[in-house]
Each structure stands twice: as structure tokens, then as C-alpha cells.
Amino acid sequence: MRCPHPTAQKGQTEGTTRSASSVRGWTSSVRAERAAAPRPRWSPPGRSWRATGHDRISVRSPTPPPLPVPGAGLAPLVADRQVPGGNRSGRYSRRVSGATPRVRFSPAPTGYLHVGGARTALFNWLFARGCGGSFLLRIEDTDVERSRPELVLAILDSLRWLGLDWDEGPVHQSDRAERHREVVAQLLAAGAAYRCDCSQDQVRARAEERGGPPGYDGWCRDREVGPGEGVVVRFRTPDEGRTSFEDVVRGEVSFDHKVVEDFVIQRSSGAPMFVLANAVDDLDMAITHVIRGEDLLSATPKVLLVREALGASERPVFAHLPILVNDKRQKLSKRRDDVAVGDYRERGYLPEAMVNYLALLGWGPPDGIEIRPLGEIVERFRLEDVNQAPAFFDVEKLTHVNGVYLRSLPSSSFVGAARPFLEREPWASGGDGGDVDGNGEALEGFEAFARLAPLVQERVATLAEVPGMVDFLFLDEPVVDQGSWDKAMKPPADEILDATLAAYETAPWTSAALLASLRAVGEELGLSLRKAQAPVRVALTGRSVGPPLFESLEVLGRERSLARLRAARERL
RNA sequence: GCCCCCAUCGUCCAGCGGCCUAGGACGCCGCCCUUUCAAGGCGGCAACACGGGUUCGAAUCCCGUUGGGGGUGCCA
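What you are looking at is a predicted structure, and each value in this text was computed from that prediction instead of being measured.

Peer 1: Tell me about the pattern of salt bridges, residues and numbers included.
Peer 2: This structure, assessed with the given rule, holds 38 salt bridges. In this structure, the salt-bridge partner of Asp167 is Arg129, at a minimum N-O distance of 3.1 Å. Highlighted residues: Asp167 in the loop between helix H4 (150-162) and strand E5 (168-172) and Arg129 in helix H3 (residues 115-131), separated in sequence by 38 residues. Each member of the pair, Asp167 as well as Arg129, is classed as buried. Through salt bridges with shared partners, a single ionic network connects Arg176, Arg179, Glu182, Asp281 and Asp284.

Here it is, written out as C-alpha cells:
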């Protein structure tokens, strides 16, 4: 059972110490069952799996349905316990009484989607898709000064590229400002919040003075500050007790109220703060499972406190995913690290590979088969199997995964996927060329590439590597790599070239015949084919590495090939 | 400083008290295949942070230490 979780805990703030048994006990019984389940077998990548992958999942047009009426209350989230020994998928019902799971991905509009966000979005999506729940999108743009509408476009674009389709939204928090103000007023009226006119400098100064921990000291709690310039609204945090909650990936987490300061819920501008908007919107949107980064773990008690103050009787299930880190094991950052999903797209990674790799950060399939269609990942993904330690975003492994996907592509798809990467090269003009009929007529540009594609395909790990491998098909003269030239064009390169030239004048223009001829040339000179092909390859492509030589010759055609051999011979 | 979280090969994951002489994957090294380079095949190197407990038995449970990270904003 992947989903509905034994959810919702009743509110439990004042020092309630709840045992972890509900979730843990449930978890282990499921684990035991999983261990007993038959091991699924590896299904080889190929056409069929592509069809079963997320290709099939269509991106629904995001038409925002109306939000539930504010204050209408949450559907109960408590999962029904079912009699053990029920269906294969688990001992607990898929059903959450009264509500299907609803999760959301709620990025801030930063202008692009970064890999950490993508991973969070993916895990939400996997969870939702795995249990028939809904995956919603919400843009957390309460900070008006920092958000502009166009900044969300790139995020949506990357999400679509990855195939993470959403069922509702995107809801913009900025559109809900009125609702947020209403809630703040409500909290104010109830005495759960108060106005504060302390400047940030004052707050800091007092903190230093008392030598205690930085943070707000409650100065304005009873000063009855009225509305005005520079006045914020703060939430009144309980002085006693603690807020505890059961986190699906971490077990019980607990915060003493003493360390939760009276936080700002409304800016002096009247705009709501993150915690307030987040709590209110999750409530109004009837979010049942909050799956987000661990960096938000310490914001959770605040959210819970706000919900409680609003009279919410149920809590969502929380799952704080381990953060993604760089090689120094610090949180991935925009400044130091390559984090934009869009950049990986530009660098020749396939969305399927990206998503597959991302699923492996903080989670692993029970059968150990890491590279597989998304549909199979959906079937196997379970929130409670997410592990707790930060994960290093390893581009090398991503690249490997990408290579596997690239190789498994039908040739025509590979050609199509590579085309944009070719087209951004200055030399890649169209070219329709002739055909190859054994008479050595030339194919040009893309057509030649298409012919060679299957051989190129298994030699690249990213699409960005393609141009460098096939440029000689497009260029009139190959770009000569000096290192390759120096290495290959030593004696007896002259003899090889001369003999090859002679042989190729008349040889049938097929890769097999071309191979046989060069082998014969080599034998005559007492050279292995390995040695003999080197000067020919460099003459033809400009490089010492590349696609198989004889197919390249064939596709390039007799005239162009001979011209290059002659040119190289003259340069010697 | 304070709060919270985390800790198995270099990296990602497996491990749920005996099946562990700790398994898989990436990377790395070697060999094979081979027209270059890949791919593929075979093999190898490589980890339970430390110290106490609990137990007949601990990588697995508990406590502590150390180390790392996150948070501590009128950012999210």
C-alpha cells in the first residue's frame, strides 16, 4: 500500500506525547508484507515500456476548479483500518474516509525550477498517481516585491517537460490575499495574534542586550498596538508545552514552544507571510499530505499552531524529504551549483532520464531495478520508504541513466531528439542530398546523420555530445583536431593514404567493401586494421574517435571521402 | 548560541535482531570483445563514524560522543 496513510493525527499540542506506534506499526506490517511479495522481474527498456511510461500520461489543461469554501472544514483524514489479509496491495484501505489524498507542490516563483524542487514535485506526483489522489500546484508568491507573473512560466514549463502533470491549479497565493487578510483579522480578534511596531533593528538590539537567543521577545504582546505604518501582525505562540507531529519519513518530531518565537504572519504592507498563507491554503485546498523538503521541517510547528488557532481539527500527514546536497554536502544552491532543470534540458538530458534519476534520490525500488519506466516507479513508490539522509545530486549517475535511455530510444526518436542540438550549430543547414546505392553518392546533413544515428546513439550519453560526433557529415571540410592529427599522421600515414586512395577509387561503396579494402591495404603494409584505419579516420572526420569508420565513409559518399583523403595526403 | 534532523562503499540505494564472510547501481581499476570510441561480458578495489548498553545474538533497538546538515527574516 503506497497511499493513504494512517493519517491525520488529531491535534495534540500541549505536551501531548503520542506514541509513534500508529504509523510505525503500520509501516512495519506493510514492510513485512512487501518482503513476502514475489520479486518483479526486469522488463527490458524498449518500445513497449515507453508506451507504458509517462508518455501516456497526458498533461491536463490546468483549469482551476473553485477552491473549497473557506472555513467549510476539512474532510476527515483518518484512514480506515481494514481487516488484515485483505487484498494484495495492503492491509489498509486505499480509501481515506471522505477524501482522496490531495497533495500539492508549492514553489516560490524564482524564475526557474531547480532540481530539488523537481524532486519534491516528483515525489508528490508519484504519491498522488500511485493512489489515485490529486496533485495540485500552488505558487507561493506572497512576497509581491519578489514575484512577477513571468517567473512562474519557466517553472510550469519545466514541470511539463518532466511530464509531471497537475490536476488543479496553479493557484496563486497572491490571488488569495483577501482571504489571508480575513484570517489575520480573525486571529487578531481571537487574541491569537497581535500587532507589533518594533523595527527589525529594535528586535535585534533587544536580543543582543539580553544575550539570549536571537529572535523576537514578545515585546508587543500586550501593548495593544493599533494598525499603522510599519506595523506587522505576529502570531502569539504558546508559552508552555510543545507541538509534536508524526512525520512519515522521520517518525515523531517535536518542538518546545519556548523555541518557537512569535512569528510574523502579516507584513507591514498587509501582505501575508509564508507560514500564514501556507497554513491557510493547505486548509482551504483540503491538502491531506504535505510532502516537502526537510528545510521546512522547523516551519511545521508554526503551521500547525496556525491551523489550530483557526480551529482546524485535523492535520495533514507530513513527509519531509531529505534535501539534495552538493559535493560539499550542503544544500544545493542557485549560486554554487548547477540546479536549473532547464539547464539539464539544454545540456542534452532526456526528461524521462531526469525523472528516473530524481526518483532515486532518497528512494530506491524494492527490487533494486533502478532504471525503469515511470509507470513502474509509480507502482512501487511508497512515501514511507523514503530515507532520511541528504542525497548528493550526482551528475555522473544522471548521465549514465540518460545514456541508457538514449540507447533505448527508437532510432527515429533519437534523431528527432538530437535535431535541436544539431540545429543550434552554425554548420547545420538542412541538406537533402542523394541516396546511397552502392555507387557512392553522397548523403548530406541530416539525412546522413539519420543513417548513422544508430551507431551514434550508443556512443553518447547526452544529446549535447551528438554534434561533436557527427559534424563531419555537415561540414565541407572536417574540423581538424590537432592532437588527433599529430598522433595519426605519422609515417606510414602517407603510404596508407596513398594505398587507400587507390583502392577506394574503384571499390564498391559499401561499408563491407570499404572495410575489406582497408584491411587489405593494412596487410600489405604489415599493419593491423587498428593502425591502418587511424589516418583514414582523421582525414575523414578530423578526429581520432568517432562513429565506426566504414559506415561513415559509406554515408559520406565516394567523392567527398576521396577529396578528404587527398586533402589530408597533401597536408602531410 | 539555541532548536530540529541526519549518520552503511567516493556517490545513490538495499538491509527492519540471526539468512551479512553486508547486496545492487554509478564511478574507478583490470581482462575479454573490437576499425577508433562507446556499448556489452567477466573480475577487482571499496562501507556499517566512535563509545557504552539491551540481547544467546546488533549494521539493525536504546543512550552518549563525534561529525555533517537544516532552521533560527516584514524569504519560501
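Peer 1: Lay out the protein's contact with RNA strand B in plain terms, naming residues and giving numbers.
Peer 2: Taken together, 66 residues are adjacent to RNA strand B, and Glu140, Thr142, Arg250, Arg267 and Arg530 come closest. Contact distances for RNA strand B include 2.7 Å between a phosphate oxygen and a backbone N or O atom of Gly362. A distance of 3.0 Å is found between a phosphate oxygen of RNA strand B and a backbone nitrogen or oxygen belonging to Phe392. Taken together, the residues of the surface near RNA strand B sort by class into 26 nonpolar, 15 polar and 25 charged.

Peer 1: Can you tell me about a positive patch on the surface, naming the residues and giving the values?
Peer 2: Together, Lys487, Lys490, Arg530 and Lys531 line one region of the surface with positive charge. Looking at where Lys490 falls in the secondary structure, it is placed in the loop between helix H16 (482-488) and helix H17 (493-506).

Peer 1: Describe unusual backbone geometry, listing the residues and the values that go with them.
Peer 2: Most peptide bonds adopt trans geometry, and most residues besides glycine take a negative phi value. With an omega dihedral of 5 degrees, the bond running from Pro491 to Pro492 counts as a cis peptide bond. Mapped onto the secondary structure, Pro492 falls in the loop between H16 and H17. Although it is not a glycine, Glu224 sits at a positive phi angle of roughly 55 degrees. We classify Glu224 as exposed; its relative accessible area is 74%. Positioned with a positive phi, Arg329 is a non-glycine residue whose angle comes to about 65 degrees.

Peer 1: Tell me about the packing of aromatic side chains, and please be specific about residues and values.
Peer 2: Taken as a whole and judged by the stated rule, the model has eleven aromatic pairs. When the centroid spacing of 5.0 Å and the interplanar angle of 65 degrees are considered together, the rings of Phe123 and Phe381 count as edge-to-face. Placement of Phe123 in helix H3 and of Phe381 in the loop between helix H11 (374-380) and strand E14 (391-392) is noted, with a sequence separation of 258 residues between them. For the pair shown, Phe123 and Phe381 are each scored as buried.

Peer 1: Can you explain the sheet that holds strand E6 (residues 193-196)? Please cite residues and give values.
Peer 2: A sheet is described by the order of its strands in space; here three strands give the open sequence E6-E7-E10, paired in antiparallel fashion. Of all the strands in the sheet, the pair left with one neighbour each is E6 and strand E10 (264-266). Ignoring which end each strand starts from, the neighbouring axes of this sheet average 45 degrees apart. For strand E7 (residues 232-235) and E10, the ladder comprises two bridges, and the chain directions are antiparallel. If you follow Arg234 over to E10, its bridge partner there is Val264.

Peer 1: A description of the confidence of the model for chain A should follow, citing residues and the corresponding values.
Peer 2: Within chain A, residue pLDDT values average 82, and 79% of them lie at 70 or more. Low pLDDT, under 50, characterises residues 5-98; the stretch is placed with 175 contacts to residues that sit more than four places away or in other chains. Every residue in residues 430-436 scores below 50 in pLDDT, and together they form 18 contacts with partners more than four places removed in sequence or on other chains. Taken over the whole predicted complex, pTM reads 0.85, whereas the ipTM for its chain interfaces reads 0.97.

Peer 1: Can you explain the pairing of E5? Please cite residues and give values.
Peer 2: Of all five residues that make up E5, four are buried, and the element is covered over most of its length. Both strand E4 (residues 134-139) and E5 contribute to a ladder of three bridges, which runs parallel. Of the residues in E5, the one forming a bridge with Leu136 is Glu168.

Peer 1: Just give me the short version of the environment of Arg372, but keep the residues and values in it.
Peer 2: Here Arg372 shows up in the loop between helix H10 (351-359) and H11. Sequence spacing of Arg372 and Glu352 is 20 residues, and the spatial spacing of their C-alpha atoms is 9.5 Å. Setting aside residues up to four positions removed in sequence, Arg372 forms contacts with Asn356, Pro365, Asp367, Ile377, Arg380 and Tyr405. In terms of polar contacts, Arg372 uses its side chain to reach the side chain of Glu376, at 2.9 Å.

Peer 1: Give me the lowdown on helix H20 (residues 549-556), citing residues and values where you can.
Peer 2: In an α-helix there are 3.6 residues to a turn, and that puts residues three or four apart on one side. Burial analysis of H20 places seven of its eight residues in the buried class, which makes it a mostly covered element. Of all the residues in H20, the buried ones are Leu549, Phe550, Ser552, Leu553, Glu554, Val555 and Leu556. At the exit of H20 stands Gly557, carrying a positive phi of roughly 95 degrees.

Peer 1: Explain the nonpolar core residue by residue, including any values.
Peer 2: Membership of the largest hydrophobic core comes to 110 residues, with the highest contact counts inside it found for Leu126, Phe393, Phe414, Phe449, Leu473 and Tyr504. Sort the elements by how many residues they give to this core and H3 lands first, with ten residues. Discounting residues that sit within four places of it in the chain, Phe449 has contacts with Phe414, Val415, Ala418, Leu422, Val456, Val466, Val470, Leu473 and Phe474. Judged by nonpolar contacts, the second largest core, of 19 residues, contains Val184, Val260, Phe263 and Val303.

Criteria and cut-off values
Residues numbered from 1 in each chain as written. Chains lettered and ligands numbered in written order. Predicted model: local features only at pLDDT ≥ 70, side-chain atom pairs only at ≥ 80, totals over all residues. Heavy atoms only, no water. Salt bridge = Lys/Arg side-chain N within 4 Å of Asp/Glu carboxyl O. Helix = DSSP H or I, 4+ residues; strand = E, 2+ residues; numbered from the N terminus. Buried < 20%, exposed > 50% of the residue type's maximum accessible area, 1.4 Å probe, protein only. Near = heavy atom within 4 Å. Polar contact = N/O pair within 3.5 Å; in protein donor to acceptor, adjacent residues only side chain to side chain. Nonpolar A, V, L, I, M, F, W, Y, C, P; charged D, E, K, R; others polar. Patch = residues over 30% accessible without salt bridge, like charges linked within 9 Å, V, L, I, M, F, W, Y side chains within 5 Å. Areas by Shrake-Rupley, 256 points an atom, 1.4 Å probe, with all protein chains shown as cover. Lys, Arg positive; Asp, Glu negative; His and termini not counted. Charge placed at Lys NZ, Arg CZ, Asp CG, Glu CD. Phe/Tyr/Trp six-rings, centres within 6.5 Å; stacked < 30°, edge-to-face > 60°. Pairing = 2+ DSSP bridges. Axes fitted to C-alpha atoms, helices over the stretch in contact; angles between N-to-C directions. pLDDT = per-residue confidence, 0-100. Contact = heavy atoms within 4.5 Å. Core = buried A, V, L, I, M, F, W, Y, C linked by side-chain atoms within 4.5 Å.

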